[in-house]
Structure formats: structure tokens, C-alpha cells
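Below, each chain spelled out in residue letters.
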Amino acid sequence: MDKKIVYSGIQPSGKLTLGNYLGALSNFSELQEEYNCLYCIVDMHSITIPQVPQELRKASLDVLSLYLAAGLDPKKSIIYIQSHVHQHVELGWLLNTITSLGQLERMTQFKDKSKKVKEVDAGLLNYPVLMAADILLYQTSYVPVGEDQRQHLELTRDLAQRFNSRYSETFTIPEILTPKLGAKIMSLQDPSSKMSKSDKDENASIFIIEDEKATANKIKRAVTDSVGIINYSDEQPGIKNLINIYSSLSSLSPQEIVKKYEGVGYGVFKEELAQVVVDGLRPIRNKYEEYRKDKDYLERVYRDGDERASYLAEKTVRKVFKKMGFIPK
Ligand code: AQP
């Protein structure tokens, strides 16, 4: 492998949202030309929140189909399922032993997600360590993820540096690759929290796969404000979020959008935004069904990905075991 490595993954923890698309998925395919890419369905992360087993199985194949529909090519990239490559869990455990508890407790996602569950399991706290293992296993240089994952990537870099200085140079230090606009897409119903596939309110998220009418209705119902003027300002977080969505799916910058809609009411703006979103998602929506129906092809893709990913992961884990003092078997 002479090209640099790109690594990313998405959890099969529900229906993927426009946030997942703009923050991650839509940026994956163009990287395939320049880098050696690994794209993972991170099912072991999903179980940090309770899952219904048959839904998890279904959602894993849904994510795989979306990867393919978004243009990921199994001949160019390694596309695989995390639980098939046991080295993720092995490296995750080893990295846990050099991770400080305080650093994990300070993670924003941990704080947010632990508020939403009755009982906080250790898996939720340790999630970023498994994520670090995912990335470090493959000597990754770049990680294309949304802005919301920056803190986890910082932890990954800290762990890699800590391991390298304690046991000698082992891991490549990865860098985050955020989308051009870089915005976190917020909930349509509460612009102070991010659009998230586990949000219970269906109106809060646009799903990549849903009826065009449902998409348009959700945008129509999106929470705005009483100012009545289209501004790109923190004082108007609902409108700002809609402008970010518009800009991410068009060639217009937020400032150009503000100019275009000067003196125009929210109703018209929302209607035109709905058209931009529906048009932007149409290509992936059209291709998705074809892949999702073809179970044999999906199986061939993930089996081949497993083989190629396992080979690379084993090389790293063997090196790490040796450096930490385990007797080779
Ligand atoms: N709202 C968002 N804006 C921009 N990017 C986003 N991502 C997620 N939400 C937004 C990006 O999507 C990728 C996959 O995320 P994930 O499935 O691994 O987990 P997540 O970040 O926790 O995403 P969700 O939708 O909020 O899932 P749940 O509800 O299961 O926790 C990442 O690259 C992320 O940056």
C-alpha cells in the first residue's frame, strides 16, 4: 500500500440522516481516487445503545447498500463490517489500558448520550477507545468525519502519541478531514442539538431514504423564529441550520444564499430548500433499492472486505502485542 490511508465508518443504529450524509457519506467516494480507503459499518459501536438484534442485522445491510449507492466501489475501497474483524476489539482493549478515565468522562458525546439513557453502561464511556482502535489499526492518515467527531479524533491522536512514546513508534498519527462547509447539521425541531439518527422525533431528521414528500413536509415544519428575515446568524439558529443545509447541497455559500433570499419570506425559502434537498438526495435514493435487494452481492462485498481488512489489522495487532510484552503464540 503506497498511497495514504483514509478510514471512516458509520453506525448501523437506525436510519441514516442528512447529517450523516453531509458530514460523512457524501465525501467518501471522491477520496477513493487519491487514497487507499477503508469504509466500515461500525456495528460494535451501535451496541453501546441497546439494539434489537434483527433490526441491527437489517440496518447493517442498509448502511452497506447506502455506501454502494453513494459511489463506494469495492474494487477501489475496502468495505467491511467491524464485528467481522476481531482485531478491533483486541486493540480496543489494549488502548483502554493507556486511556485516562477523566478524558473519557469529558467527551461531549458521552455526556449527551448518557443523559438519554436510564442506565449508563461502560460501553458508552469506552466508545471513543474502540473508535481509536478502528482508526489506528490501519495506520490511517485521514479520517473523513463530521465536526461532531473532532473531540474523539483528538483522543485518538493522544492515544497514538502516548503509545508511540511509551513503546516506540508504532501508529501513524491521523488527521481529521471535515467537509468543506464544516457545519454540524442540527435537528429541524431543536436547532441546539445535532440531527441524529437515534432522535425519537421523526420530524427532527431528514432521512437519506424516505419519501420525497416526507422530506419536503419536514422542512416546511422546521423550527425557525419570529424575526422573519433570512440571516446567517447565531441569533437565528434554525434559519442558520437551513442555510447550512442549502449551502452543502448547492454551489452557493451561506452569504450568497442570504443575498438570494433578501426580502423573501420563510415559506418560499423553505419550499425552495426542499427542492434542493430532494434533488440532492435523488441520485442516492434511486440507486439504493437496487443494491439493497441483491443480498448475494452485498455478501460478496462484505466477505471480500473482511478478508482484506483482517490482513491489514492483524499486521498492526501483532506488532502491538509484541511491543507490549506478550509472548507470541
Ligand atoms: N448532524 C450531523 N452533522 C454532521 N455530521 C454528522 N454525522 C452524524 N451526525 C451529523 C457524521 O456522520 C458520521 C457517522 O456517525 P455515526 O453513525 O458513527 O455516529 P454519530 O456521529 O453518533 O451519528 P448519529 O446520527 O448521531 O448516530 P446515533 O444517533 O446512532 O448516535 C460521522 O462521521 C459523524 O461525524
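Residues numbered from 1 in each chain as written. Predicted model: local features only at pLDDT ≥ 70, side-chain atom pairs only at ≥ 80, totals over all residues. Heavy atoms only, no water.

- By the naming in an unreviewed UniProt entry, the protein goes by Tryptophan--tRNA ligase and is assigned to Peptoniphilus koenoeneniae.
- As its UniProt record puts it under Subcellular location (unreviewed entry), the protein is described as follows: "Cytoplasm".
- The record in UniProt for the protein states the following under Sequence similarities (unreviewed entry): "Belongs to the class-I aminoacyl-tRNA synthetase family." (UniProt positions renumbered as here; feature names shortened; annotations may be inferred.)

## Examining the overall build of the protein
- Helix and strand counts for the protein come out as 13 helices and five strands.
- Its C-alpha atoms give the protein a radius of gyration of 21 Å, near enough to 20 Å, the size a compact globule of 329 residues would have.
- In terms of principal-axis extent, the alpha carbons of the protein reach across some 70 × 45 × 40 Å.
- By the burial criterion, 50% of the 329 residues in the protein qualify as buried.
- Contacts in the protein between residues far apart in sequence, at least 24 positions, make up 76% of those at least 6 positions apart.
- Total accessible area on the protein stands at roughly 16,300 Å², and carbon and sulfur atoms take up 50% of it.
- Where the 45 positive side-chain charges of the protein centre and where its 44 negative ones centre are 3 Å apart. (Helix = DSSP H or I, 4+ residues; strand = E, 2+ residues; numbered from the N terminus. Rg over C-alpha atoms; globule rule 2.2 N^0.38 Å. Buried < 20%, exposed > 50% of the residue type's maximum accessible area, 1.4 Å probe, protein only. Contact = heavy atoms within 4.5 Å. Areas by Shrake-Rupley, 256 points an atom, 1.4 Å probe, with all protein chains shown as cover. Lys, Arg positive; Asp, Glu negative; His and termini not counted. Charge placed at Lys NZ, Arg CZ, Asp CG, Glu CD.)

## Here we look at helix α13 (residues 295-324)
- The first and last C-alpha atoms of α13 sit 41 Å apart over 30 residues, in line with the 44 Å expected at 1.5 Å per residue.
- Looking at α13, one finds that the buried residues are L298, V301, Y302, G305, A309, S310, L312, A313, T316, V317 and V320. (Expected span 1.5 Å × (residues − 1).)

## Side note on the packing of helix α7 (residues 122-136) against helix α8 (residues 150-167)
- Interhelical geometry of α7 versus α8 gives an angle of 65° and a closest axis separation of 9 Å. Relative to α8, the element α7 lies roughly perpendicular. Two packed elements cross with a definite hand, and for α7 against α8 that hand is right-handed. Across from Y127, P128, V129, M131, A132, I135 and L136 in α7, the residues of α8 making contact are H152, L153, L155, T156, L159 and A160.
- When the residues that make up the contact of α7 with α8 are grouped by side-chain class, the tally is 11 nonpolar, two polar and no charged. (Axes fitted to C-alpha atoms, helices over the stretch in contact; angles between N-to-C directions. Parallel < 35°, antiparallel > 145°, perpendicular 65-115°, else oblique. Left-handed = near helix turned anticlockwise from the far one by under 90°. Nonpolar A, V, L, I, M, F, W, Y, C, P; charged D, E, K, R; others polar.)

## Focus: the nonpolar core
- L18, Y21, L25, L64, Y67, I245 and I284 are the most contacted members of the largest nonpolar core, which has 54 residues in total.
- Among the elements of the structure, β1 (5-10), α1 (18-34), β2 (36-41), α3 (53-69), β3 (78-81), α10 (237-248), α12 (266-293) and α13 are those that each provide at least two residues to this core.
- Excluding anything up to four places from it in sequence, Y21 contacts S26, I208, L249, G280, L281 and I284.
- Of all hydrophobic cores here, the second largest spans 40 residues; its members include V42, Y80, L94 and L312. (Core = buried A, V, L, I, M, F, W, Y, C linked by side-chain atoms within 4.5 Å.)

## Quick look at the environment of Q51
- Mapped onto the secondary structure, Q51 falls in the loop between α2 (43-46) and α3.
- For Q51, a relative accessible area of 26% gives the class partly exposed.
- Measuring from C-alpha to C-alpha, the distance between Q51 and P12 comes to 9.8 Å, with 39 residues separating the pair along the chain.
- Setting aside anything within four residues of it in sequence, one finds Q51 in contact with P12, S13, S46 and L56.
- Within the local environment of Q51, its side chain forms a polar contact with the backbone oxygen of S46, the two atoms lying 3.0 Å apart. (Polar contact = N/O pair within 3.5 Å; in protein donor to acceptor, adjacent residues only side chain to side chain.)

## Let's talk about the pattern of salt bridges
- The final tally for this structure, using the stated rule, is 13 salt bridges.
- D148 is the partner of K194 in a salt bridge, and the nearest nitrogen-oxygen pair spans 2.6 Å. Pair noted here: K194 is in the loop between β5 (175-177) and α9 (212-220) and D148 is in the loop between β4 (142-144) and α8, with a separation of 46 residues, a long-range link.
- Owing to a relative accessible area of 31%, K194 belongs among the partly exposed residues under this scheme.
- A single salt-bridge network, built from bridges that share partners, covers K58, D62 and R292. (Salt bridge = Lys/Arg side-chain N within 4 Å of Asp/Glu carboxyl O.)

## So, the pairing of β1
- With five of its six residues buried, β1 lies for the most part within the structure.
- Direction of pairing for β1 relative to β2: parallel, over a ladder of six bridges. By the bridge assignment for β2, S8 is matched with Y39.
- Regarding topology, α1 serves as the crossover connection from β1 to the parallel β2, and that connection is right-handed. (Pairing = 2+ DSSP bridges. Right-handed = clockwise from strand over helix to strand, strands pointing away.)

## Quick look at the UniProt feature "short sequence motif: 'HIGH' region" (unreviewed entry) in the protein
- Per the UniProt record, "short sequence motif: 'HIGH' region" (unreviewed entry) is annotated on residues 12-20.
- Note that residues 12-20 is 33% helix and 0% strand, and that its end C-alpha atoms are spaced 11 Å apart.

## Side note on the packing of aromatic side chains
- Inspection of every chain in the model, using the stated rule, returns 13 aromatic pairs.
- Its end group placed over the ring of F207, K15 keeps NZ or CZ at 4.4 Å from the ring centre.
- Cation over ring: K240 sits above Y232, and NZ or CZ is 5.2 Å from the ring centre. (Phe/Tyr/Trp six-rings, centres within 6.5 Å; stacked < 30°, edge-to-face > 60°. Lys NZ or Arg CZ within 6 Å of the ring centre and 35° of its normal.)

## Details of the site of the ligand
- In the neighbourhood of the ligand, 20 residues make up the surrounding shell, with S13, K113, S196, K197 and S198 lying closest.
- Within the contact set of the ligand, an oxygen atom lies 2.4 Å away from a side-chain nitrogen or oxygen of K113.
- The side chain of S196 places a nitrogen or oxygen atom 2.6 Å from an oxygen atom of the ligand.
- Burial of the ligand by the surrounding chains reaches 98%, relative to a free accessible area of 640 Å².
- Put simply, the parts of the chain that give the shell around the ligand at least two residues each are α1 and α6 (108-116).
- The dominant element in the shell around the ligand, judged by the number of residues it contributes, is α1, at four residues. (Near = heavy atom within 4 Å.)

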